[in-house]
Amino acid sequence: GQTLGDVFFDSRFTGIQIQCEDGATLNSVSLIDGAGGTQWTGYGGKRLPTAGGYSTQYNFSVSGMAIPIGKGWSLKVVTTTA
């Protein structure tokens, strides 16, 4: 029942890597603030060897960020299974 903001309050979101099940597509990853507003959104895809894939391990990978996490923030991941 805890949110990202409950666990990582006053920390920095520096990056994330997500691996979905085989054949699934990661549509989007969003950071949602405590008031329900979207603070950041990234878009993923499929893993290799599928067309459009960029990695054999991850559907989504981002680093080098420094977004401050507030109370009540959450991470929303939207996927489509095969």
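Above: the structure in question.
Rules used throughout
- Residues numbered from 1 in each chain as written.
- Predicted model: local features only at pLDDT ≥ 70, side-chain atom pairs only at ≥ 80, totals over all residues.
- Heavy atoms only, no water.
- Salt bridge = Lys/Arg side-chain N within 4 Å of Asp/Glu carboxyl O.
- Helix = DSSP H or I, 4+ residues; strand = E, 2+ residues; numbered from the N terminus.
- Buried < 20%, exposed > 50% of the residue type's maximum accessible area, 1.4 Å probe, protein only.

Student: Report on the pattern of salt bridges, specifying residues and quantitative values.
Tutor: Under the criterion given, the structure shown has two salt bridges. Residues Lys-71 and Asp-6 are paired through a salt bridge, measuring 3.7 Å at the closest nitrogen-oxygen approach. Separated by 65 residues along the polypeptide, Lys-71 in the loop between β6 (67–68) and β7 (74–80) and Asp-6 in helix α1 (residues 4–8) bring together distant segments of the chain. Residue classification places Lys-71 among the exposed positions, given a relative accessible area of 53%. Measuring nitrogen to oxygen at the nearest pair gives 2.8 Å for the salt bridge that ties Asp-22 to Arg-47. In this pair, Asp-22 sits in the loop between β2 (16–18) and β3 (25–32) while Arg-47 sits in the loop between β4 (38–42) and β5 (60–62), placing the two residues 25 residues apart along the sequence. For Arg-47, a relative accessible area of 13% translates into the label buried.

It is worth stressing that arrangement in space is one thing and function is another; only the former is reported here.
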